[in-house]
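Given next are the chains, with one letter for each unit.
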Amino acid sequence: MSVPDCPHCGKPATRVLDLAYGYWEWDDESARYQHRTCSERVDVAPWVHHECMGELRDLHPQNDYSTTAG
């Protein structure tokens, strides 16, 4: 079984986060948290790759990937 690659950064999506509404990231320049989103669309996919925070529209962590070629 091979791990699906992230369509944004190309790295294996070994960790997938459920962030339908985005996340908060510390901004040193403003010394406060800034709200970040994972999509520019309204119909955001809830799953994102933990390394690049790119959305994974066609990936669901509960899918069976044991039959995919890799």
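This section reports on the structure supplied with the text. (Residues numbered from 1 in each chain as written. Predicted model: local features only at pLDDT ≥ 70, side-chain atom pairs only at ≥ 80, totals over all residues. Heavy atoms only, no water.)

Across its full length, the protein chain carries zero helices and four strands. If you list the helices and strands of the protein chain from N to C, you get β-β-β-β. A compact globule built from 70 residues would reach a C-alpha radius of gyration of about 11 Å, whereas the protein chain, at 14 Å, exceeds it by more than 25%. Referenced to the eigenvectors of the C-alpha coordinate spread, the extents of the protein chain come out at roughly 45 × 25 × 15 Å. Within the protein chain, residue pairs in contact and separated by at least 24 positions form 47% of the contacts whose partners lie at least 6 positions apart. Counting every atom, the protein chain has about 5,300 Å² of accessible surface; 48% of that belongs to carbon and sulfur. Separation between the mean location of the 6 positive side-chain charges and that of the 12 negative ones in the protein chain comes to 2 Å. (Helix = DSSP H or I, 4+ residues; strand = E, 2+ residues; numbered from the N terminus. Rg over C-alpha atoms; globule rule 2.2 N^0.38 Å. Contact = heavy atoms within 4.5 Å. Areas by Shrake-Rupley, 256 points an atom, 1.4 Å probe, with all protein chains shown as cover. Lys, Arg positive; Asp, Glu negative; His and termini not counted. Charge placed at Lys NZ, Arg CZ, Asp CG, Glu CD.)

What follows deals with a nonpolar patch on the surface. Together, Trp24, Trp26 and Tyr33 line one region of the surface with nonpolar side chains, adding up to about 420 Å² of accessible area. Here Trp24 is to be found in strand β2 (residues 23-27). (Patch = residues over 30% accessible without salt bridge, like charges linked within 9 Å, V, L, I, M, F, W, Y side chains within 5 Å. Salt bridge = Lys/Arg side-chain N within 4 Å of Asp/Glu carboxyl O.)

Attention now moves to the nonpolar core. Of all hydrophobic cores here, the largest spans six residues; its members are Cys6, Ala13, Trp47, Leu56, Leu59 and Tyr65. Apart from residues lying up to four places away in sequence, Trp47 is in contact with Val16, Leu17, Asp18, Gly54, Glu55, Leu56, Leu59, His60 and Pro61. Listed in part, the five residues of the second largest apolar core include Leu19, Tyr23, Cys38 and Val48. (Core = buried A, V, L, I, M, F, W, Y, C linked by side-chain atoms within 4.5 Å. Buried < 20%, exposed > 50% of the residue type's maximum accessible area, 1.4 Å probe, protein only.)

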